[in-house]
Amino acid sequence: SQSEDCLEPPHGNWPGGTVGGYYQPLGAQFPTAADRAGWQRAGSPTRVGAWYANQPDSFQPGPRVWTGQKTGWSDYATLSAGPAKLRKQLAAGLPGPASAEIKMAERSTGWSYPVLRNDMLFYAAVGVMGDPVRPAVRAAAYRVLASVPGVQVKPGIRDITGQVGTAVWLSHPGDRAVDYELIDPANGYLLGDENITVTRLLGLPPGSVLTYNERVSSGWTSTLPSQPTR
């Protein structure tokens, strides 16, 4: 699938958020020629079952759906280039131990609040690195990532799309899969992410890619995405 979002920072009565965007499923595709050959040997079926859900996946692109307005986006222009201050800014936006979100996460994962808070801080810093912030803020966000307990780093990783960068991820006892965040070490841009198996999972050996996201571009604009005709 592919998506595009245009975000506007808070001003006046506007709390900040998505002012326009779209989402479009692109249909099932083949990562390698061997996969395509296997599909052809099976008679080139027009629909297949996806491993991640009990539903069929089409080979044809779906409609381009307008995602509309979503509020709650913070103003990245106010983020600090100092790692300690940036960490405090990001931590201030995290839910507290008594919140319904945290209670649900504790029940579903079995993790304590400090562990969950570290995870949320990690992904808050990752989010900063994927948006059009100043290079100094991306550098500070990288240092915030490095300060989170359990963080792992591996340079020179090539993802499934061919991009090469430094993989950063959090590890927990009993992990069966982890999320690699791929960062360009030259400029701190977030290139994308991959969900990688740690143990044999769903019939796949360790090191297999379950899902991935590629960030195509991020920047400032004065033009909204074009809204699909209905």
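Residues numbered from 1 in each chain as written. Predicted model: local features only at pLDDT ≥ 70, side-chain atom pairs only at ≥ 80, totals over all residues. Heavy atoms only, no water.

J.: Explain helix H2 (residues 83-92) to me, please; I cannot follow it from the model alone.
T.: An α-helix turns once per 3.6 residues; consequently, residues spaced three or four apart project the same way. Looking only at H2, the buried set comprises Leu86, Leu90 and Ala91. Along H2, the residues classed as buried sweep out an arc of 135° about the axis, all on the same side. Relative to its buried face, H2 has exposed residues pointing more than 90 degrees away, namely Ala84, Lys85, Lys88 and Ala92. Next to the buried residues of H2 lie helix H4 (113-129) and helix H5 (135-147). (Buried < 20%, exposed > 50% of the residue type's maximum accessible area, 1.4 Å probe, protein only. Helix = DSSP H or I, 4+ residues; strand = E, 2+ residues; numbered from the N terminus. Arc of directions from axis to C-beta. Contact = heavy atoms within 4.5 Å.)

J.: Got a minute to help me understand the sheet that holds strand E8 (residues 164-170) in this structure?
T.: Sheet strands pair by backbone hydrogen bonding; their relative direction is either parallel or antiparallel. Read across the sheet, five strands follow the order E7-E8-E9-E10-E11 without closing on themselves; strand pairing throughout is antiparallel. Strands at the two margins of the open sheet, each flanked by one partner only, are strand E7 (151-158) and strand E11 (209-214). Direction aside, the axes of adjacent strands within the sheet are offset by 25° on average. (Pairing = 2+ DSSP bridges. Axes fitted to C-alpha atoms, helices over the stretch in contact; angles between N-to-C directions.)

J.: Can you walk me through the packing of helix H3 (residues 100-109) against H4 in this structure?
T.: When two helices pack together, their arrangement is given by the angle between the helix axes and the distance between those axes. At a minimum axis distance of 10 Å, the contact between H3 and H4 shows a crossing angle of 110°. One way to sum up the angle between H3 and H4 is to call them roughly perpendicular. For the pair H3 and H4, contact is made by Glu101, Ile102, Ala105, Glu106 and Thr109 and by Tyr113, Leu116 and Met120, respectively. When the residues that make up the contact of H3 with H4 are grouped by side-chain class, the tally is five nonpolar, one polar and two charged. (Parallel < 35°, antiparallel > 145°, perpendicular 65-115°, else oblique. Nonpolar A, V, L, I, M, F, W, Y, C, P; charged D, E, K, R; others polar.)

As far as function goes, none of this settles anything; it's purely spatial.
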